[in-house]
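Descriptive analysis of the structure
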Protein chains: 2
Amino acid sequence: MISALDGRVTNRGVDRYRQLEGRHLDPVSPWTFGPEIIALKVRTRQSRIYFAEAARTRVFDEKGKLDVARDLYQMQDYVHQVLSFEVREKEPVRVEKMVAFYTSRDNAINEPLVNAGKDIVGYPAFARAFEDHARAWEELWDLCDVRVPNDESVQFLLRLHISHVLQVCSPHTADIDAGVPARGLNGEAYRGHVFWDELYIYPFLNFRLPEVTRGLLMYRYRRLGEARRAAKEAGYSGAMFPWQSGSDGQEETQEVHLNPNSGKWEPDLSRNQRHVSAAIFYNIWHYYQATGDFEFLLDRGAEMMLEIARFWASIAHFNPERDRYEIHGVMGPDEFHEKYPGSEEEGLRNNAYTNVMVAWICETALKLLGLLPARRRKTLRARIGLADEVERWKEMGRKMLVPFHEDPDLGPGIISQFEGYETLTELDWDAYRNKYGNIQRLDRILRAEGDDPNRYKLTKQADTVLLFFLFPEEELARIFERLGYEFAPDTVRKNVAYYDSRTSHGSTLSLIAHAHVLANLDPKSSWERYTVALGCEVSDIQGGTTREGIHLGVMAGTLDLIQRAYLGTSVSDGVLRFDPKPVGKLDGLSFPMRFRGTWLQITVEGGKLTVIAREDDAGRPIKVGVGDEVRELTAGGRYTFAI
Amino acid sequence: MISALDGRVTNRGVDRYRQLEGRHLDPVSPWTFGPEIIALKVRTRQSRIYFAEAARTRVFDEKGKLDVARDLYQMQDYVHQVLSFEVREKEPVRVEKMVAFYTSRDNAINEPLVNAGKDIVGYPAFARAFEDHARAWEELWDLCDVRVPNDESVQFLLRLHISHVLQVCSPHTADIDAGVPARGLNGEAYRGHVFWDELYIYPFLNFRLPEVTRGLLMYRYRRLGEARRAAKEAGYSGAMFPWQSGSDGQEETQEVHLNPNSGKWEPDLSRNQRHVSAAIFYNIWHYYQATGDFEFLLDRGAEMMLEIARFWASIAHFNPERDRYEIHGVMGPDEFHEKYPGSEEEGLRNNAYTNVMVAWICETALKLLGLLPARRRKTLRARIGLADEVERWKEMGRKMLVPFHEDPDLGPGIISQFEGYETLTELDWDAYRNKYGNIQRLDRILRAEGDDPNRYKLTKQADTVLLFFLFPEEELARIFERLGYEFAPDTVRKNVAYYDSRTSHGSTLSLIAHAHVLANLDPKSSWERYTVALGCEVSDIQGGTTREGIHLGVMAGTLDLIQRAYLGTSVSDGVLRFDPKPVGKLDGLSFPMRFRGTWLQITVEGGKLTVIAREDDAGRPIKVGVGDEVRELTAGGRYTFAI
């Protein structure tokens, strides 16, 4: 048999990237550490990161280790051993290949090859390593399992998703300079870039492994300088984080995009999704809400939040005619709309999602300034040069423009995804469905036809609807009220219905947002979408994208849906609140959850929600509530709410 | 004029290392970024870490930037620009050279040269950069200043030391994989190795910048695997941290040592200073005491502490004849004694400092296990495979052997630095002082004479005395009591006097320990030593070692002395206690201090100690006490104790 290490591997996992250079490794050298161990060292071509692998191959029969003959073959970028040994029928032979892997970015190393060799020499046998592995997972399951006793398939898929989230975002991540790549760590799509998917992932982590969120937020903090530079270069203040982030945090978004339907390279304006900075602000605040980690807020979080607020204040402009602040030239999360049809200008005017987020950001940034101790506030303001723009935040919290449709047929209250959306052409959805079957990527279909998605009332994924996803209804109503807009009892229902019928759900994340907002409005439809989202990888619902890498946001989103949508979990005024929705399939649901350092066990069964504070926990007393009923729990305490 | 970057630099800063290889950089390439910027990239020879520098040189007269002629000269390992411009008498010209510096170990980079170039292009003018620099320091001074209004020289030296501590251990360190090198960052002595100096440095940081301590403790945590490997290889359990730690945490202590007095290479057994692992245990516990950072304790601290306790339990052996646990083959902090004179065996038997620390460690490890929530305790015990050795800890807390002198002339209560110390020969100190003047390094003197320091009752630096330095007297008395040894009212005084007269203070750290223990016993003598320690760098008291790098431990030790010795600060049962000693020179002393998240201002003046909780602080109520008087303070609260 042959045991090899191959440095000639290339990136070939995504069909439509095949025309691009896929070779990213330069050979350095093969190596051996004694007769059993082969090793190989390579270096990335541009970033010059060294990688070393060392592999120990051993052969065992039932009596013990076999003394096998070994022949070594090595090239600069490849090394293998030929192991020769006799096998006989019905006499099992076990081959154990253990591999140590180091990069020059690892902490606590001498040099990758040296440490790979040192490690592999001391490795235990596979059985022992597997035990350690299993125990490490048990530790994680103890903190992160979600039990759904009444639906085996849901249970299985939730655990699949938990295991994938924890493979990408684990206690190991907390100590390395890693962000959350959109497609996890097991596929090449999007080239490992970091988008905004963390918005869907942190709610699960915040309440279980907050140190992992903190580590991942540090990925952003370390790139704050680059975000400042990007804002400055674009003529803005503060920090403008990139839509696609990579090694040093500069904008990595492609400027052209290959349409596999037409084989043509088309311009790509998606970098104008400035809303990623709003998501980062939101994430820091919610991390703080869930954990009470004031130190992080003081040391890092506040600086990022204030710089993001400054960015929004500088990209917005005041329109005296409307007495409103407006933001032009940006895109919402819906990637079908990059600009107005036929326009030379990039981006759109007053994306509702962005503008409402900005109103909330301005309000929250002011709240944050109030939270900071006076000295810290002073030094932080001095450090970032924060001046009277704080006054502008006050104004923007009350005067951001939110566009509404003015179509008398629809009646009032339909929020326009962006200004002018209502003037676009309605698409003949049935015609396209009939013609193409899967129309999730209508943009590619339309462009391949020589048409332009910008012309139509169509949406790739939740955009305006995200507002109902991110904010509890009362909070959103408060934001609208302060802005002087009506937020009627039917605002959510009307807008969800309007956009749902115009959304292709071309991003899997869209299913999450719609399942969430329908949890209350239409539990049956919510559950249908939920099960589609749950099956997204197993069923490869986008027809081939799963092999390009998992959709980490949607996987984590299915967990967030349990917690935030179906259980209606939120934090306000330091109270952990639940507002359970009627979803019968989840009866018996039970999971651990950590709130501000205290471990809780949450169980929903037979119309009751029980919260137990773990008896042995050293956490502080915390408050939980359902509706108007708020209880304080100390270690070992429990309370059951009727729901 | 010439502006250059030179990659041919070598390590030539320490005379006695000159025979060793001093060239550590291989050239990679010179570079330019536009006409004003030269750059150079090199790589370390063994560890293959890339370094890149980019320098922008600009010339200004009073009117603005000059357009100067530039000639480039570059070799593989050197690059310079010749800038030509006219100067005239009385017309000042300003040259600004700004340098960006990156290594391949930095977070958030693409590649060192790329990022150095990107940074330097966007650098502000020097005046602006200096402003930012000054503000960053103001932030640190606001948290870390120590004011001594009545002694200008003490004030100056304290601030010198604070500034050096904060250059090596700063909020920047918190996010990189760095330990605390013995000689700071500005000299080559000890080759940047990490010893145990953090024991002297953390008390200052714990109460001001605890996130810096936490980051530095992570340096140890990341090397826990290597410490486990070292213990295993030596036949022990748990984790044995190295005496000298470097990149990956393996033992880096030299095995031979150049004696500059004789020019000979002599064997060096100092790696047997296993007490470094005791110091790490102590540091984690005291970090937790000062900060209340239970999360760190749960996630990382406890694992290290338990593994260290296991190591001690396995290196100790039970002697049934004495009904005591003994530790053989180790050295105490006193480096003059490496083994018994003439013995082939390395190390000594029952170093008192080590054995008492181990008794305390065993007791504290049990306390720690009790603190952990049951689930965490269970998973942690499973992870490290902790079994019934816990029973052994209980025993060791009661049965560690502490050797005492049995010399009737001395009377009872003199702790033997190690077993048999009393049988060694007394040194004729006066004769050596007369002959050599400075006898701090008596080991080198004696060896150069063909003699052996192991033969004599002489001590390089505080060893037994460190017990009185690290533990408040009551705590030490309790430990001795549990061990079944008498701890008399005069134990401290007798032992300090005995060892003081036999100590050469060949390590600057020794001055710190003795000044500390004398604070109560002999304030005048304490203050004399304190002022020597304060002046150690400015006066270069070791005659030439300052240029080899600062003595970071002693610098921080002078700050710790203020806080822990003269103010008698300690934490017990969650109360921050003060026990001020009579040191008149410090009247008016005032400094900020952070205890468990709450910022305090401490002032000692006219026989009163005032504690003020900062009004604007979001910290929680904390308890402070002097003697039997304990007060709770909330934000804005203050209390004045009579002292």
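Each remark here, short or long, concerns the structure printed above.
Please read these numbers as outputs of a predicted model, since none were measured by experiment.

Points about the overall build of chain A
Check the secondary structure of chain A and you find 19 helices and 22 strands. Against the compact-globule benchmark of 26 Å for 643 residues, chain A has a radius of gyration of 27 Å, which places it among compact chains. With respect to the three principal axes, the spread of C-alpha positions in chain A is 85 × 65 × 55 Å. Here chain A holds 643 residues, and 58% of them are scored as buried.

Some details on the packing of aromatic side chains
A complete count under the given rule lists 65 aromatic pairs over all chains for this structure. Considering the side-chain rings of Phe311 of chain A and Trp312 of chain A, the 4.9 Å spacing of their centres and the 55° angle between planes classify their relative orientation as tilted. For Trp312 of chain A, a relative accessible area of 0% gives the class buried. Members of the aromatic cluster, each reached through a chain of ring pairs, are Tyr190, Phe195, Trp196, Tyr200, Trp243 and Phe469 of chain A. Over the face of the ring belonging to Tyr50 of chain B we find Lys41 of chain B, whose NZ or CZ atom lies 4.7 Å from the ring centre. Above the ring of Tyr17 of chain B, the side-chain terminus of Arg191 of chain B is found at 4.0 Å from the ring centroid.

Description of the relation of the copies chain B and chain A
Superposition of chain B onto chain A requires a rotation of 180° combined with a translation of 0.0 Å along the rotation axis, giving an RMSD of 0.0 Å. In symmetry terms, the pair is related by a two-fold rotation axis. When C-alpha distances to the rotation axis are compared across chain B, the minimum falls at Arg105 of chain B, with a value of 3.0 Å.

Overview of unusual backbone geometry
Glycine aside, a negative phi is what most residues show, and trans is what most peptide bonds show. A positive phi angle, close to 65°, is found at Lys90 of chain A, a residue other than glycine. On the secondary structure map, Lys90 of chain A appears in the loop between strand 7 (78–84) and strand 8 (94–103). A positive phi angle, near 55°, is found at Arg191 of chain B, a position not held by glycine. By the element assignment, Arg191 of chain B lies in the loop between helix 3 (152–168) and helix 4 (198–206).

Considerations on the state of the cysteines
All names here are of chain A. Using the criterion set out here, one finds zero disulfides over all chains in the structure. Its sulfur unpaired, Cys536 is 16 Å from the next cysteine sulfur, which belongs to Cys169. Assessed through its relative accessible area of 2%, Cys536 is described here as buried.

Remarks on the nonpolar core
With 158 residues, the main nonpolar core has Trp196, Leu205, Trp393 and Tyr566 of chain B as its most contacted residues. Per-element accounting of this core gives the leading share, 14 residues, to helix 8 (residues 294–315) of chain B. Within the second largest apolar cluster, 157 residues are counted, among which are Ala278, Leu369, Ala462 and Tyr530 of chain A.

So, the pattern of salt bridges
This model, assessed by the stated rule, comprises 116 salt bridges over all chains. The residue Arg547 of chain A makes a salt bridge to Asp15 of chain A at a minimum N-O spacing of 3.9 Å. Of the two residues, Arg547 of chain A is situated in the loop between helix 18 (523–534) and helix 19 (552–566) and Asp15 of chain A in the loop between strand 1 (2–6) and strand 2 (25–32); the sequence distance between them amounts to 532 residues. With a relative accessible area of 54%, Arg547 of chain A lands in the exposed category. Salt bridges here are not isolated pairs; linked through shared partners, they connect Glu139 of chain A together with Arg228, Glu303, Glu307, Arg310, Arg376, Arg383 and Glu389 of chain B.

A closer look at the interface of chain B and chain A
Taken together, the contact between chain B and chain A spans 55 residues of the former and 55 residues of the latter. With both chains or domains summed, chain B and chain A bury close to 4700 Å², and 37% of this area falls on carbon and sulfur atoms. Taken as a group, Lys118, Glu139 and Arg375 of chain B account for 13% of the area that chain B buries against chain A, more than any other trio of residues on that side. Our count for the chain B to chain A interface comes out at 16 salt bridges. At the boundary of chain B and chain A, one finds 33 residue pairs in polar contact (both at pLDDT 80 or more). Those elements giving two or more residues to the side of chain B that touches chain A turn out to be strand 3 (37–44), helix 1 (112–122), helix 2 (126–144), helix 5 (210–221), helix 6 (224–233), helix 8 and helix 10 (374–384) of chain B. Looking at which element gives the most residues to the side of chain B that touches chain A, the answer is helix 10 of chain B, with six residues. Along the lines of polarity and charge, the residues of the side of chain B that touches chain A split into 14 nonpolar, 10 polar and 31 charged.

Remarks on the packing of helix 7 (residues 275–291) of chain A against helix 9 (residues 352–371) of chain A
Residues and elements named next belong to chain A. Interaxial distance between helix 7 and helix 9 falls to 10 Å at its minimum, and their mutual angle equals 40°. Taken together, the axes of helix 7 and helix 9 are oblique relative to one another. In the packing of helix 7 onto helix 9, the handedness of the crossing is left-handed. Here His275, Ala278, Ala279, Phe281, Tyr282, Trp285, His286 and Tyr288 of helix 7 come into contact with helix 9, specifically with Tyr353, Thr354, Met357, Trp360, Ile361, Thr364, Ala365, Lys367 and Leu371. Its residues assigned to classes, the contact of helix 7 with helix 9 shows 12 nonpolar, four polar and one charged.

Quick look at the pairing of strand 17 (residues 590–595) of chain B
Residue and element names in this part refer to chain B. Among the six residues in strand 17, six count as buried, and that is most of the element. Here strand 17 shows no split at all, with Ser590, Pro592 and Arg594 on one side and Phe591, Met593 and Phe595 on the other all buried. Sheet topology note: the strand 17/strand 18 (residues 598–605) ladder contains six bridges and is antiparallel. Of the residues in strand 18, the one forming a bridge with Phe595 is Thr598.

Some remarks on the sheet that holds strand 20 (residues 622–626) of chain A
Each strand in a sheet pairs with another by means of backbone hydrogen bonds, the pair being arranged parallel or else antiparallel. All names here are of chain A. With respect to topology, four strands assemble into an open sheet ordered 15-16-20-21, the strand pairing being mixed. Only two strands of the sheet have a single neighbouring strand rather than two, namely strand 15 (570–572) and strand 21 (629–633). The average angle at which neighbouring strand axes cross in this sheet is 30°, direction not considered. Two elements, strand 16 (residues 575–578) and strand 20, share four bridges in a ladder whose sense is parallel. The residue of strand 20 that forms the bridge with Phe578 is Val626.

Thoughts on the sheet that holds strand 19 (residues 608–613) of chain B
All names here are of chain B. One open sheet accounts for four strands, arranged 17-18-19-22; its pairing is antiparallel. On the outer flanks of this sheet lie strand 17 and strand 22 (638–642), each paired with one strand and no other. When strand polarity is set aside, the average angle formed by the axes of neighbouring strands in this sheet is 20°. Where strand 19 meets strand 22, five bridges bridge the pair, whose relative direction is antiparallel. Each bridged residue has a counterpart across the sheet, and for Leu609 the counterpart in strand 22 is Phe641.

Some remarks on helix 8 of chain B
Residue and element names in this part refer to chain B. Relative to the 32 Å expected for 22 residues at 1.5 Å per residue, helix 8 spans 29 Å between its end C-alpha atoms, a close match to the ideal helical length. Its axis deflected by about 55° at Gly301, helix 8 carries its strongest bend there. Counted residue by residue, helix 8 has 19 buried out of 22 residues, so it is predominantly covered.

Thoughts on the pairing of strand 18 of chain B
Residues and elements named next belong to chain B. Counting the residues between successive antiparallel strands, the hairpin from strand 17 to strand 18 contains two residues, one of them, Arg596, with a positive phi of roughly 50°. Sheet topology places strand 18 next to strand 19; six bridges connect them, and they run antiparallel. Along strand 19, the bridge assignment pairs Leu600 with Ala613. Taken together, strand 18 and the strand that follows it, strand 19, pair antiparallel across an intervening segment of two residues, in which Gly606 is found at a positive phi of about 50°.

Side note on helix 10 of chain B
Every buried residue of helix 10 of chain B is accounted for by Arg376, Thr379, Leu380 and Ile384 of chain B. The buried residues of helix 10 of chain B occupy an angular sector of 120° when the element is viewed end-on, so they sit on one face. On its buried face, helix 10 of chain B sits against helix 2 (126–144) of chain A together with helix 6 and helix 8 of chain B. Just downstream of helix 10 of chain B lies Gly385 of chain B, where phi reads positive at about 70°.

Structural notes on the environment of Ile284 of chain B
Residue and element names in this part refer to chain B. By the element assignment, Ile284 lies in helix 7 (residues 275–291). The spatial distance from the C-alpha of Ile284 to the C-alpha of Met305 is 7.5 Å, given a sequence separation of 21 residues. Setting aside chain neighbours within four positions, we find Ile284 in contact with Leu217, Phe296, Leu297, Gly301, Met304 and Met305.

Focus on the packing of helix 4 of chain B against helix 7 of chain B
The relative placement of two packed helices comes down to the angle between their axes together with the axis-to-axis distance. All names here are of chain B. The geometry of helix 4 relative to helix 7 is characterised by a closest axis approach of 10 Å and an angle of 5° between their N-to-C directions. The pairing of helix 4 with helix 7 is recorded here as roughly parallel in orientation. Counting all contacts with helix 4, which are made through Glu198, Leu199, Tyr202 and Asn206, the residues of helix 7 involved are Ala279, Ile280, Tyr282, Asn283, His286, Tyr287, Ala290 and Thr291.

Quick notes on the rules
- Residues numbered from 1 in each chain as written.
- Chains lettered and ligands numbered in written order.
- Predicted model: local features only at pLDDT ≥ 70, side-chain atom pairs only at ≥ 80, totals over all residues.
- Heavy atoms only, no water.
- Helix = DSSP H or I, 4+ residues; strand = E, 2+ residues; numbered from the N terminus.
- Rg over C-alpha atoms; globule rule 2.2 N^0.38 Å.
- Buried < 20%, exposed > 50% of the residue type's maximum accessible area, 1.4 Å probe, protein only.
- Phe/Tyr/Trp six-rings, centres within 6.5 Å; stacked < 30°, edge-to-face > 60°.
- Lys NZ or Arg CZ within 6 Å of the ring centre and 35° of its normal.
- Least-squares fit on C-alpha atoms with pLDDT ≥ 70 in both.
- Disulfide = S-S within 2.5 Å.
- Core = buried A, V, L, I, M, F, W, Y, C linked by side-chain atoms within 4.5 Å.
- Salt bridge = Lys/Arg side-chain N within 4 Å of Asp/Glu carboxyl O.
- Contact = heavy atoms within 4.5 Å.
- Buried area = accessible area lost by both parts, 1.4 Å probe.
- Polar contact = N/O pair within 3.5 Å; in protein donor to acceptor, adjacent residues only side chain to side chain.
- Nonpolar A, V, L, I, M, F, W, Y, C, P; charged D, E, K, R; others polar.
- Axes fitted to C-alpha atoms, helices over the stretch in contact; angles between N-to-C directions.
- Parallel < 35°, antiparallel > 145°, perpendicular 65-115°, else oblique.
- Left-handed = near helix turned anticlockwise from the far one by under 90°.
- Pairing = 2+ DSSP bridges.
- Expected span 1.5 Å × (residues − 1).
- Bend = angle between axes of the 7 residues up to and from the residue.
- Arc of directions from axis to C-beta.

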